[in-house]
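Chain by chain, the residues run as shown.
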Amino acid sequence: MVEIGVGSVGIVVIVSVFLGAVVTVQTAYQLTTPLISKSIIGSIAANSIILELAPTVTVLILAGKIGSNIASELGTMRISEQIDALEIMGVHSSAYLVLPKILASTLMIPLLVIISAFLSIYAGMWVGEFTGAVTKEDFMTGAIQYWIPFMANFALIKATTFGFIISSVSSYYGYYTEGGALEVGRSATRAVVVCCVLILLFDYILAQLLL
Amino acid sequence: MIEVKNLNKSFGAKQILKGISAVFEPGKCNLIIGASGSGKTVLMKSIVGLIPVNNGSIIYNHDTDFLNIDDAGRKELRKQIGMLFQGSALFDSLTVEKNVIFPLNMFTNMTFKEKMSRVNECLERVNLKEANKLYPNELSGGMKKRVGIARAIVMNPKYLFCDEPNSGLDPQTSIVIDKLIKDITDDYKITTIVNTHDMNSVMEIGDYVLFLYKGEKFWEGSRNEIMNATNQQLNDFIFAGRFFREIKEQNTKRLSEEKNK
Ligand SMILES: Nc1ncnc2c1ncn2[C@@H]1O[C@H](COP(=O)(O)OP(=O)(O)OP(=O)(O)O)[C@@H](O)[C@H]1O
Ligand SMILES: [Mg+2]
């Protein structure tokens with residue numbers, strides 16, 4: 001729980017700040033006509049952040065970190081017979097090892113996504129102000145004016161789904177590792193690739209179903 | 001007591017265990033010996049159910065058919081099994097103490113104090129006193145083995161499995177470990193199965209010895225019979241080292257001299 005949550009805050013901060021900054025600058029770059037109010041930049045940036053950047057792009061990066069972490073931990077336990085040792089004691093090893101990871105990841109990733117969304121919007125706002133593209137006030141006006149509460153729910157539904165995908169897929173690949181250290185690395189890579197593809201697929205499915 | 005009958009196991013097209021039958025009696029140190037790659041680890045893991053076999057039967061305690069047992073029964077039985085793995089298999093995120101206390105935490109209602117005294121008792125039995133707070137990666141290979149044994153015996157198992165308990169140990173510690181395994185077996189009348197290719201262990205504790213050759217049982221008997229066994233493969237295995245070869249030669253010489261007199 002701590003490992004998955006707190007351990008990922010650093011990378012989430014870095015990714016979110018840059019995503020927020022970039023999306024603001026690029027939106028401002030595209031909106032050059034004086035006919036549209038500047039506050040629309042805030043609205044577009046906030047919408048893209050909440051709908052896609054925070055829950056999907058950030059989570060794709062988390063899939064790399066958390067997914068490989070889980071897969072290599074379980075893979076190492078498998079090849080060094082630690083999972084066998086649990087089984088021999090009469091412990092149900094998959095339940096004992098995997099369930100807490102799925103629980104932690106399904107709870108912590110939405111939390112990280114919320115942090116990410118706030119940071120991104122905040123960073124976008126300040127970048128707008130610094131570059132003179134849009135004032136803080138205009139940015140926030142736009143962000144709030146076009147705010148649809150369902151977007152937040154949608155982002156959380158996505159984040160929870162992705163959290164479950166990351167932990168279950170990487171646990172599966174880690175738990176069923178066979179061979180030696182090389183295979184542990186291979187399991188971790190495979191876990192991350194499969195997680196990313198599934199996240200993108202479910203991103204589409206959820207958008208299609210819920211929007 | 002554990003009885004295996006006609007155990008077969010293949011990985012793909014490669015047959016590793018070829019119709020193994022044996023009876024491992026309680027209160028005895030049952031040894032499985034054989035060259036590297038002969039299938040000792042596969043046999044041991046098959047007996048405890050970590051490797052699914054192709055066919056055959058494994059009977060614990062006369063009436064428990066291990067291959068046709070439900071999950072609950074298997075779990076119950078496994079609480080009576082202690083196993084030392086060839087690579088020790090310590091949980092590397094836990095200290096020595098936490099490794100040994102782990103089964104007690106999972107399956108007993110003892111107080112923390114009772115558990116700790118049991119843990120320290122087991123660690124003392126394997127001659128490890130000042131390592132409680134160390135992590136597995138801070139231990140030598142032999143120390144890991146000993147922690148593995150302590151963890152295997154902490155629940156007072158009825159069945160003790162040791163996969164090469166003294167490979168990688170110095171001769172002195174090896175003897176201590178052999179003696180420990182023997183004492184535990186005698187004291188609690190448990191069924192002990194030990195994989196080894198150490199001839200010293202064989203002569204020291206081999207109440208029953210099963211010799212595996214390329215996945216087949218080539219010979220069985222006690223340590224007293226082994227010196228005079230006529231099986232070619234067994235002799236090649238035992239007398240590969242000079243020490244035992246010389247003993248054997250002296251033995252034959254003495255016998256023939258006695259005959260000549
Ligand atoms: N999971 C597996 N898949 C395929 N082959 C295996 C597997 N495990 C073991 N083998 C094969 O089974 C044979 C016996 O292996 P095993 O580990 O039982 O040997 P061993 O007698 O314990 O040797 P050692 O003394 O070196 O530990 C070997 O030829 C090995 O290649
Ligand atoms: Mg082996």
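Here the structure is shown first, and the text comes after it.
Definitions and cut-offs
Residues numbered from 1 in each chain as written. Chains lettered and ligands numbered in written order. Predicted model: local features only at pLDDT ≥ 70, side-chain atom pairs only at ≥ 80, totals over all residues. Heavy atoms only, no water. Donors = N, O, S within 2.8 Å, 3.2 Å for Na, K, Ca; no water. Helix = DSSP H or I, 4+ residues; strand = E, 2+ residues; numbered from the N terminus. Buried < 20%, exposed > 50% of the residue type's maximum accessible area, 1.4 Å probe, protein only. Patch = residues over 30% accessible without salt bridge, like charges linked within 9 Å, V, L, I, M, F, W, Y side chains within 5 Å. Areas by Shrake-Rupley, 256 points an atom, 1.4 Å probe, with all protein chains shown as cover. Salt bridge = Lys/Arg side-chain N within 4 Å of Asp/Glu carboxyl O. Axes fitted to C-alpha atoms, helices over the stretch in contact; angles between N-to-C directions. Parallel < 35°, antiparallel > 145°, perpendicular 65-115°, else oblique. Contact = heavy atoms within 4.5 Å. Nonpolar A, V, L, I, M, F, W, Y, C, P; charged D, E, K, R; others polar. Phe/Tyr/Trp six-rings, centres within 6.5 Å; stacked < 30°, edge-to-face > 60°. Left-handed = near helix turned anticlockwise from the far one by under 90°.

Colleague: How would you sum up the coordination of the magnesium ion (ligand 2)? Please name residues and give values.
Modeller: Residue and element names in this part refer to chain B. Bound to the magnesium ion (ligand 2) on the protein side are Thr41 (OG1) and Gln86 (OE1), at distances that span 1.9 to 2.3 Å. You can see Thr41 sitting in helix α1 (residues 40-47) and its partner Gln86 sitting in the loop between β6 (81-84) and α3 (96-107), a full 45 residues away along the chain. With relative accessibility at 33%, the residue Gln86 sits in the partly exposed group.

Colleague: So what about a nonpolar patch on the surface? Which residues, and what values?
Modeller: Residues and elements named next belong to chain A. Among the surface-exposed residues, Ile148, Phe150, Ile157, Leu201, Tyr204, Ile205, Leu209, Leu210 and Leu211 lie close enough to one another that they form a single nonpolar patch of about 860 Å² accessible area. Sort the elements by how many residues they give to the nonpolar patch and helix α7 (residues 181-210) lands first, with five residues. Within the element layout of this structure, Ile148 appears in the loop between α5 (136-145) and α6 (149-175).

Colleague: Would you mind going over the packing of helix α2 (residues 39-79) of chain A against helix α3 (residues 82-89) of chain A in detail, with residue names and values included?
Modeller: Residues and elements named next belong to chain A. Two numbers describe how α2 lies on α3: the axes approach to 4 Å, and their chain directions differ by 70 degrees. Taken together, the axes of α2 and α3 lie roughly perpendicular to each other. Counted together, Leu74, Met77 and Arg78 of α2 and Gln82, Ile83 and Asp84 of α3 form the full contact between these two elements. Of the residues in the contact of α2 with α3, the class split is three nonpolar, one polar and two charged.

Colleague: So, the packing of aromatic side chains: which residues are in play, and what are the values?
Modeller: The full count for this structure, using the stated rule, is 14 aromatic pairs over all chains. Centre to centre, the rings of Tyr96 of chain A and Phe102 of chain B are 5.7 Å apart; their planes meet at 90 degrees, and the pair counts as edge-to-face. Of the two residues, Tyr96 of chain A is situated in helix α4 (residues 93-131) and Phe102 of chain B in helix α3; the pairing between them involves two chains. Relative accessible area serves as the criterion here: at 8%, Phe102 of chain B is assigned to the buried category. When the centroid spacing of 5.5 Å and the interplanar angle of 90 degrees are considered together, the rings of Tyr172 of chain A and Tyr173 of chain A count as edge-to-face.

Colleague: If you had to explain the packing of helix α1 (residues 2-30) of chain A against α4 of chain A to someone new, which residues and values would you point to?
Modeller: Residue and element names in this part refer to chain A. The contact between α1 and α4 brings their axes to 7 Å, and the two run at 35 degrees. Both α1 and α4 take part in a crossing whose hand is right-handed. Per-class residue counts for the contact of α1 with α4 are 14 nonpolar, ten polar and one charged.

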